[in-house]
Amino acid sequence: MTRQYFGTDGIRGEVGQFPIIPDFVMRLGYAAGQVLAKHSQNHAHGKPVVLIGKDTRVSGYLLEAALEAGFSAAGVDVMLCGPMPTPAIAYLTRTLRLSAGVVISASHNPYHDNGIKFFSANGDKLDDAVELEIEAALNEPMNCVDSARLGKAKRLDDATGRYIEFCKSTFPNHLNLHGLKLVVDCAHGAAYHIAPHVFHELGAEVVSIGIHPNGKNINDGVGATAPQALIEKVKEEKAHLGIALDGDADRLQLVDHTGRLFNGDELLYLIAKARKDAGEKVEGVVGTLMTNLAIEQAIQAEGIGFLRAKVGDRYVLEQLKEKSWLLGGEGSGHLICLDKHTTGDGIVAALQVLSAMKQSHQSLAELLQKVTLFPQTLNNVRYKQGYDWQSDAKLKAAVQQAEKELNGTGRVLIRASGTEPLLRVMVEAQNAQQSKDLAQKIAAVVPV
């Protein structure tokens, strides 16, 4: 069954444009309340309870109120915790034994976008089947339970402290961050009041940027999607490392003292190799269709299995569970360590990298000296309405020609965006100019 509203990471769009409007979000809360209550096995609180968190977008107030009204109408109690990282909502939902968690965020997008995503009682992304049930319920009229059964709302006042302690618990007890100077970029997002404390309390000297949200500056020239500000600050402060999170703190990029940027692909390899070197059993790692070929080869050279999932951390997680593996991630910085958390977490992932550096007494560059990423060119081509790219003979011919020229020394990947009319054309080759030229040739045949 085709999804009408849910994309690969919840429901997302521009605020004020359908579906990110108050009426729809209230109906979404009502529909989700009905479905999640039916699926919840956990009524320790007397009735279903849902935790709502958000990032720092100004529209979060509006959407939070609409969701709260919808859940209340469905007879579901609500806990509100204000701005909190997406992975914090997953953690708190599970540890507080709640029925579900909801995050109001558009992650790395600009402030005028927003979205809604859900976590199950176990802190996992909702199954596709449950999301389809919610979509079906959205097509039914919205009603309201009688007054005696209406849901109530209250604040969860200690959410920040609980999550800070959880993050610290994922770092080895026998280690600390003494002697390290870190620049932490919170993207003016949900981790602005959390991430600096985590690293400071573990012993690091912390310089923070991107910690002054005003509702409109989230991801604006800062954070994991705009690392130049962090690069400059690391050099200025002569810091050992820079840590960049995105607006909802589930993505991570790192910068070393020279200003070199390390992406999620490299960090995933580093974490897997560090565990193997420490004597842990690492059967396999899950990347995505976009994972750099050099990383796949490097992981396999360590005797570790490697699988590619569809793009999106939910699909990485599905493959991990299917294989009973622990480590997976994307180049964008979504990194999953299932023995530490149920979902991708930028702060927790950073701590795994710092642990590897501390235990090996090596820098990031030293830990990754044997890995050189293949040049990748990614062109986002906006196509005309109604275009069926999968049946386009000209596109197929262009791809086949590119693969013939690469002759096994690279990859071509074509995929459609899950949220926009965009075709993502990626070419990976050992030669950067060849990668660029072939990507342009393929993109040129897409009707715009």
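Going by the structure above, here's the rest.
Since this is a predicted model, take the numbers as computed values, not measurements.

*Asks:* I'd like a rundown of the pairing of strand E13 (residues 305–309), residues and numbers included.
*Replies:* Residues in a regular strand point their side chains to alternate faces of the sheet. Of the pairings in the sheet, the one linking strand E12 (residues 284–288) to E13 comprises five bridges and is parallel in character. Directly across from Val 285, in E13, lies its bridge partner Phe 306. With helix H9 (residues 293–301) bridging E12 and its parallel neighbour E13, the resulting β-α-β unit is right-handed.

*Asks:* So, the environment of Arg 3: which residues are in play, and what are the values?
*Replies:* Looking at the element boundaries, Arg 3 is found in the segment before strand E1 (11–14). Classification of Arg 3 as partly exposed rests on a relative accessible area of 24%. Spatially, the C-alpha atom of Arg 3 lies 8.3 Å from that of Glu 131, the residues being 128 residues apart in sequence. Residues within four places of Arg 3 in sequence aside, it is in contact with Asp 128, Glu 131, Leu 132, Glu 135 and Arg 314. Within the structure, Arg 3 has its side chain in polar contact with the backbone oxygen of Gly 7 (distance 3.1 Å).

*Asks:* Provide a residue-level description of the pattern of salt bridges, including the pertinent values.
*Replies:* Per the counting criterion, the structure on display carries 32 salt bridges. A salt bridge links Arg 27 to Asp 23, with the nearest nitrogen and oxygen atoms 3.4 Å apart. Of the two residues, Arg 27 and Asp 23 are both situated in helix H1 (residues 22–39); the distance of four residues between them amounts to about one turn of the helix. Its relative accessible area of 21% is what places Arg 27 among the partly exposed residues. Across the pair Lys 117 and Asp 248 runs a salt bridge, and its minimum N-O distance is 3.1 Å. Residue Lys 117 is found in strand E5 (residues 113–119), and its partner Asp 248 is found in the loop between strand E9 (241–245) and strand E10 (252–256); the two are separated by 131 residues along the sequence. Both residues of the pair, Lys 117 and Asp 248, count as buried. Taken together, the salt bridges that share partners define one network made up of Asp 9, Arg 12, Lys 117, Lys 125, Asp 248, Asp 250 and Asp 313.

*Asks:* Account for helix H4 (residues 128–138), naming residues and giving values.
*Replies:* Within an α-helix, residues lying three or four positions from one another point in the same direction, as the helix has 3.6 residues per turn. If you check which residues of H4 are buried, you get Val 130, Glu 131, Leu 132, Ile 134, Glu 135, Ala 137 and Leu 138. Where the residues of H4 are buried, they touch H1 and helix H10 (313–323).

*Asks:* So what's going on with the sheet that holds strand E18 (residues 422–428)? Residues and values would help.
*Replies:* Strands sit in the order E16-E18-E17 across an open sheet of three strands; the sheet is antiparallel. Single-partner strands in this sheet number two, and they are strand E16 (376–382) and strand E17 (411–416). With direction set aside, neighbouring strand axes in the sheet form an average angle of 15 degrees. Running over the sheet, helix H13 (residues 393–406) touches E17 and E18 and is turned about 155 degrees from E17. Running at roughly 15 degrees to E16, helix H14 (residues 432–443) makes contact with E16, E17 and E18 of the sheet.

Conventions and cut-offs
- Residues numbered from 1 in each chain as written.
- Predicted model: local features only at pLDDT ≥ 70, side-chain atom pairs only at ≥ 80, totals over all residues.
- Heavy atoms only, no water.
- Pairing = 2+ DSSP bridges.
- Helix = DSSP H or I, 4+ residues; strand = E, 2+ residues; numbered from the N terminus.
- Right-handed = clockwise from strand over helix to strand, strands pointing away.
- Buried < 20%, exposed > 50% of the residue type's maximum accessible area, 1.4 Å probe, protein only.
- Contact = heavy atoms within 4.5 Å.
- Polar contact = N/O pair within 3.5 Å; in protein donor to acceptor, adjacent residues only side chain to side chain.
- Salt bridge = Lys/Arg side-chain N within 4 Å of Asp/Glu carboxyl O.
- Axes fitted to C-alpha atoms, helices over the stretch in contact; angles between N-to-C directions.

Interpretation note: all reported values are geometric properties and have no functional meaning in isolation.
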